Amino acid sequence: MRIGDSIYMDYQASTPVDPRVASAMIPYATEIFANPHASQYSLGQQAHNACISAQSVIAEAIGAMANEIVFTSGATEANNQAVAGVLFGYKGKRNKVLISAIEHKCVKEAAAFYGKHLGYHIEEIPVLSTGEIDPIAYSRMLTEEVLLVSVMAVNNEIGTVQQVAILAEQAHNVGALVHCDAAQAADAVDIDVMDWGVDLLSLSAHKMYGPKGIGALFIDASLHQDLPALIRGGGQQEGLRSGTLPTPLCVGFSKAVSLWVAEKEYRREHLRQMSAFFLQSLDDKNISYRLNGAKSPRHFGNLNIELINIDAESLLMRLQPYVCASTGSACNSGFLASSYVLKMTGLSASQASSSIRFSFGQGTDASQIEEVIHRINQIVKF
Ligand SMILES: Cc1ncc(COP(=O)(O)O)c(C=O)c1O
């Protein structure tokens with residue numbers, strides 16, 4: 001995608017709102033703007049119906065029931081609610097929480113905070129050099145003391161895809177609950193809470209061509225009574241998350257989800273072609289690189305590569321304003337500390353500082369890739 005002079009290759013940080021999503025949202029901002037919880041009049045009911053139907057569309061897309069979808073402000077809140085809800089709700093039952101060592105900061109920080117204040121041991125499951133959960137360590141760590149396992153479906157920095165169904169089954173065998181952060185999963189894998197056997201799952205609309213400021217937490221219906229709400233107030237969403245539902249965002253999110261369902265195969269094939277072309281173009285210019293994370297399965301829209309002996313921060317600076325890419329996850333940008341995700345996969349500090357993430361989306365094409373590689377080549381060769 002080109003915006004002015006910039007070529008956007010940071011789709012894992014955020015995707016643009018699909019124009020079809022934006023059009024679907026507008027009437028709910030300008031006309032059917034009434035409070036969706038104002039049930040005494042028709043406009044309020046229309047807004048309410050739009051939110052209910054959005055909930056059903058999202059539920060159906062991921063194999064859930066409509067009442068199991070709780071709208072949140074994004075995956076950060078969904079992850080916080082999942083962790084806090086389980087840790088508060090089952091306090092005193094078991095005392096350990098396992099999270100993968102490469103979870104997003106919002107899972108790590110939530111687990112550390114609530115774990116510390118509620119008296120749980122938080123343990124990080126090590127990963128292999130591919131970023132996949134170390135199966136031997138995981139089996140060893142799974143005991144009947146474990147209350148919750150939280151493992152992301154797809155890593156935001158290196159694109160590694162976890163075998164969630166297998167990991168969830170193992171966790172259930174020792175009676176633990178399973179939460180999965182699926183914020184980055186849509187363009188890589190099919191998301192199905194039944195097939196995966198997860199109890200909680202987080203989504204974010206702005207990672208799938210929907211608006212920012214909305215996400216969802218799937219909470220298996222059997223947990224609804226036990227999980228206290230993080231956000232309290234008027235008791236909306238059956239008391240699971242208070243606050244007036246943002247109708248335009250709910251509608252936009254569900255439109256993005258329905259487009260994803262209709263187009264996901266095509267989208268993934270496009271990403272596969274774009275990443276293959278990017279790597280081929282690096283080879284053609286004899287630029288030395290190493291792919292971080294797993295070769296396969298992986299999120300094809302994510303190419304985290306180490307450019308051998310190149311300082312990634314200064315490369316990115318010299319590529320401005322022409323290329324939008326990232327040297328860490330978006331919420332970490334601004335910090336020059338090297339990525340904990342890369343470190344956990346065994347990269348040295350210097351390898352991590354040579355690593356850069358290019359992420360592609362539906363607006364990426366071959367001409368943009370050619371131009372980006374040309375610009376990189378000019379900097380690294382001269
Ligand atoms: C894996 C993962 N989890 C959670 C989040 C946070 O999502 P949101 O921006 O919707 O709060 C992100 C966003 O970068 C992410 O990549």
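Residues numbered from 1 in each chain as written. Predicted model: local features only at pLDDT ≥ 70, side-chain atom pairs only at ≥ 80, totals over all residues. Heavy atoms only, no water.

Student: Looking at this structure, I do not really get the domain arrangement of the protein. What am I missing?
Tutor: Where the parts come together, the accessible area they lose is often given as the size of the interface. Per the domain assignment, the segments of the protein are domain 1 (2–16 + 264–381) and domain 2 (62–244). Distance from the C-alpha centre of domain 1 to the C-alpha centre of domain 2: 27 Å. In this assembly, 31 residues from domain 1 lie in contact with 34 residues from domain 2. Here domain 1 and domain 2 share an interface that buries about 2,700 Å² over both sides, 49% of which is from carbon and sulfur atoms. Here Lys264 and Asp190 are joined by a salt bridge, their closest N and O atoms 3.4 Å apart. Listing elements by their share of the side of domain 1 that touches domain 2, those giving two or more residues are α8 (247–284), β11 (302–307) and α10 (340–344). In terms of residue class, the side of domain 1 that touches domain 2 is built from 11 nonpolar, 15 polar and five charged. (Domains from an automatic or database assignment. Contact = heavy atoms within 4.5 Å. Buried area = accessible area lost by both parts, 1.4 Å probe. Salt bridge = Lys/Arg side-chain N within 4 Å of Asp/Glu carboxyl O. Helix = DSSP H or I, 4+ residues; strand = E, 2+ residues; numbered from the N terminus. Nonpolar A, V, L, I, M, F, W, Y, C, P; charged D, E, K, R; others polar.)

Student: Would you mind going over the sheet that holds strand β12 (residues 323–324) with me for this structure?
Tutor: Strand pairs in the sheet, formed through backbone hydrogen bonds, run parallel or antiparallel to each other. One open sheet holds the three strands; their spatial order is β1-β2-β12, and the pairing between them is mixed. Looking along the sheet, the strands with just one partner apiece sit at the ends: β1 (2–3) and β12. With two bridges connecting them, β1 and strand β2 (residues 6–8) associate as antiparallel partners. The partner of Ile3 across the bridge, within β2, is Ser6. (Pairing = 2+ DSSP bridges.)

Student: What exactly am I supposed to notice about the packing of aromatic side chains here?
Tutor: The geometry of an aromatic ring pair is captured by the separation of the ring centres together with the interplanar angle, meaning the angle of the planes. Taken as a whole and judged by the stated rule, the model has seven aromatic pairs. Between Phe71 and Phe253, the ring centres sit 6.4 Å apart and the planes meet at 65°, which makes this aromatic pair edge-to-face. Placement of the pair is Phe71 in strand β3 (residues 69–72) and Phe253 in helix α8, with a sequence separation of 182 residues. The same class applies to Phe71 as to Phe253, namely buried. Ring centres of Phe278 and Phe358 lie 4.8 Å apart, and the angle between their planes is 40°; on these two criteria the pair is classed as tilted. Of the two residues, Phe278 sits in helix α8 while Phe358 sits in strand β13 (residues 355–359), which places them 80 residues apart along the sequence. What makes Phe278 buried here is its relative accessible area of 0%. Given a relative accessible area of 0%, Phe358 falls into the buried group. Ring pairs connect the aromatic residues Tyr8, Tyr11 and Tyr209, which therefore count as one cluster. (Phe/Tyr/Trp six-rings, centres within 6.5 Å; stacked < 30°, edge-to-face > 60°. Buried < 20%, exposed > 50% of the residue type's maximum accessible area, 1.4 Å probe, protein only.)

Student: Where do I start with the pairing of strand β5 (residues 121–125) in this structure?
Tutor: As a general feature of sheets, a regular strand has side chains that alternate between the two faces. In the sheet, strand β4 (residues 96–100) pairs with β5 via five bridges, with the strands oriented parallel. Counted as the bridge partner of Leu98 is Glu123 from β5. One crossover worth recording links β4 to the parallel β5 by way of helix α4 (residues 105–118), and it is right-handed. (Right-handed = clockwise from strand over helix to strand, strands pointing away.)

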